Amino acid sequence: QAQLVESGGGLVQPGESLRLSCAASGSIFSIGNMGWYRQAPGKQRELVASITRSGFTNYIDSVKGRFTISRDNGKKTVYLQMNSLKPEDTAVYYCNAVPAVPPWWGQGTQVTVSS
């Protein structure tokens, strides 16, 4: 059974950092492209960052230069390093394949940026 488990969220002040982790089980990592998504209250879920199996990355404009996605294929884990966090980064963060596979959505991890 494929499963994705996100962790690393929390409450931080503006300007601080967090590192999210996503551990994959089953055959998920063989898919290739993985991504971090987020959903803020009252908004649709959006793809924030993606990474190919070979390490090519892509980001939405609002996080470029602040967020870094990476992966460890041996550990079947995807990471999201988030620096210089802003209140507008507040959301539940999820990982999934790109494009997303609906049955693979996990619980997500809450990130709250507030002073």
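About the thresholds
- Counting from 1, residues in each chain are numbered in the order their sequence is written.
- Side-chain atom pairs in this predicted model are given and counted only at pLDDT of 80 or more, local residue features only at pLDDT of at least 70, and totals for whole chains, interfaces and linings cover all residues.
- As a rule here, side-chain values come from all non-hydrogen atoms in the structure, and water together with hydrogens is ignored.
- By nonpolar core we mean a set of buried residues, namely Ala, Val, Leu, Ile, Met, Phe, Trp, Tyr and Cys, connected to one another through side-chain atoms within 4.5 Å.
- Three labels apply to residues, based on accessible area from a 1.4 Å probe with only protein chains included: buried if under 20% of the type maximum, exposed if over 50%, partly exposed otherwise in between.
- In what follows, residue pairs with any heavy atoms lying within 4.5 Å of each other are defined as contacts.
- Here a strand is any run of E in DSSP of at least two residues, a helix any run of H or I of at least four, and the numbering for each starts at the N terminus.
- Strands pair, by our definition, only if DSSP identifies at least two bridges between them.
- As a rule, the C-alpha atoms of each element are fitted with a line to give its axis, helices using only the stretch in contact, and angles between N-to-C directions run from 0 to 180 degrees.

A. Region of the structure containing the nonpolar core. One finds Trp 36, Phe 67, Ile 69, Leu 80, Met 82 and Tyr 93 to be the most contacted residues of the largest nonpolar core, which totals 27 residues. When neighbours within four sequence positions are excluded, Tyr 93 is seen to be in contact with Glu 6, Leu 20, Trp 36, Tyr 37, Arg 38, Phe 67, Leu 80, Met 82, Gly 108, Thr 109 and Val 111.

B. Broad picture of the environment of Cys 95. Relative to the elements of secondary structure, Cys 95 occurs in strand β9 (residues 91-97). On the accessibility criterion, Cys 95 (0% relative accessible area) is buried. C-alpha of Cys 95 to C-alpha of Arg 38: the two residues are 57 residues apart in sequence and 8.5 Å apart in space.

C. Structural view of the sheet that holds strand β3 (residues 18-25). Pairing within the open sheet is antiparallel, and its 4 strands lie in the order β1-β3-β8-β7. At either margin of the open sheet sits one strand with a lone partner, and together these are β1 (3-7) and β7 (67-72). Neighbour to neighbour, the strand axes of the sheet diverge by 15° on average, direction disregarded. In this sheet, strand β8 (residues 77-82) lies alongside β7 in antiparallel orientation, the contact comprising 6 bridges. Residue pairing in the sheet places Thr 68 in a bridge with Gln 81 of β8.

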